[in-house]
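Spelled out, the chains give:
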Amino acid sequence: MSDRRTAILEAATRVIARRGIRGLRMGELAAEAGVSTALIYYHFTDRAGTLRRTLEFISDRADHYTADQEPAARAEDPRTDLERVLLRELQDTAEVRENSTAWGELRATAVFEPDLREELARSTHTWVHDVAELLARANPTGTAPAHAAAAERLTALTEGLSVRWLSGSLSLDHARRLLRGAVDTELARH
């Protein structure tokens, strides 16, 4: 991806996290990214295209900060790997806060803007699949459908806890404790 395209997507994420989708104006985005509005349209065609690519960018960025940087960093205990990946969505860092806020805004907007649904469904499916694979490693005697259902529950819970934490309804420590308990519960089911 070109540096300018990346700068535009980073700026779009910041603006969405700060002002929401309704507050995203192409002129403001251009100023935030330090590019012309014409360049945004050149790269993304229209506002809907910009939103779809921003959603993809946010998803890729989350993959980066939830993944182990070194394959050797994986714990010997697959359960620990599962918990660590999910808890990385609940980190009090600027990048995670910004990413999670923008993700929640894009998810909510997809209710009203069908153009976002396909990319959102793809990103969500990938995340659920990745978590199901971690569940299968942590509980190899479980079935694929059971792992998929547990992954749906855990990822939905993670998103919900994130929204509550970011909106001030829940402390970060409490959200993390609830998520750990949910992992324990899901692994005990099988």
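Residues numbered from 1 in each chain as written. Predicted model: local features only at pLDDT ≥ 70, side-chain atom pairs only at ≥ 80, totals over all residues. Heavy atoms only, no water.

A. Geometry of the side chain of Thr158. Checked against the element boundaries, Thr158 lands in helix α8 (residues 144-166). Relative accessible area serves as the criterion here: at 1%, Thr158 is assigned to the buried category. Each residue touching Thr158, except ones within four places of it in the same chain, is listed here: Leu86, Glu89, Leu90, Trp127 and Leu179. (Helix = DSSP H or I, 4+ residues; strand = E, 2+ residues; numbered from the N terminus. Buried < 20%, exposed > 50% of the residue type's maximum accessible area, 1.4 Å probe, protein only. Contact = heavy atoms within 4.5 Å.)

B. Region of the structure containing unusual backbone geometry. Despite not being glycine, Thr45 has its phi angle at roughly 70°, a positive value. Residue position: Thr45 is located in the loop between α3 (37-44) and α4 (47-66). Overall, Thr45 belongs to the exposed group, its relative accessible area being 62%.

C. Region of the structure containing the packing of helix α1 (residues 3-19) against α4. Running from N to C, α1 and α4 cross one another at 90°; their axes reach a closest spacing of 9 Å. As the angle between them shows, α1 and α4 are arranged roughly perpendicular. Of the residues in α4, those in contact with Arg5, Thr6, Leu9, Glu10, Ala12, Thr13 and Ile16 of α1 are Leu51, Arg53, Thr54, Phe57, Ile58 and Arg61. Classifying every residue of the contact of α1 with α4 gives 6 nonpolar, 3 polar and 4 charged. (Axes fitted to C-alpha atoms, helices over the stretch in contact; angles between N-to-C directions. Parallel < 35°, antiparallel > 145°, perpendicular 65-115°, else oblique. Nonpolar A, V, L, I, M, F, W, Y, C, P; charged D, E, K, R; others polar.)

D. Helix α2 (residues 26-33), seen in detail. By the burial criterion, the buried members of α2 are Met26, Leu29, Ala30 and Ala33. Here the buried residues of α2 occupy an arc of 100° about the axis, which is enough to place them on one side. Against α1, α3 and α4 lie the buried residues of α2. One or two steps after α2, the chain reaches Gly34, where phi turns positive at roughly 75°. (Arc of directions from axis to C-beta.)

E. Main features of the pattern of salt bridges. As enumerated under the stated definition, the model contains 19 salt bridges in all. Note that Arg153 and Glu186 form a salt bridge whose closest N and O atoms lie 2.7 Å from each other. You can see Arg153 sitting in helix α8 and its partner Glu186 sitting in helix α9 (residues 172-188), a full 33 residues away along the chain. A residue is classified by how much of its surface remains accessible, and Glu186, at 5% relative accessible area, is buried. Taken together, the salt bridges that share partners define one network made up of Arg14, Arg18, Arg19, Glu28 and Glu32. (Salt bridge = Lys/Arg side-chain N within 4 Å of Asp/Glu carboxyl O.)

F. Up close: a negative patch on the surface. Together, Asp60, Asp63, Asp130 and Glu133 make up a region of like negative charge exposed at the surface. Of all the elements in the fold, those that place two or more residues in the negative patch are α4 and α7 (117-138). Checked against the element boundaries, Asp60 lands in helix α4. (Patch = residues over 30% accessible without salt bridge, like charges linked within 9 Å, V, L, I, M, F, W, Y side chains within 5 Å. Areas by Shrake-Rupley, 256 points an atom, 1.4 Å probe, with all protein chains shown as cover. Lys, Arg positive; Asp, Glu negative; His and termini not counted. Charge placed at Lys NZ, Arg CZ, Asp CG, Glu CD.)

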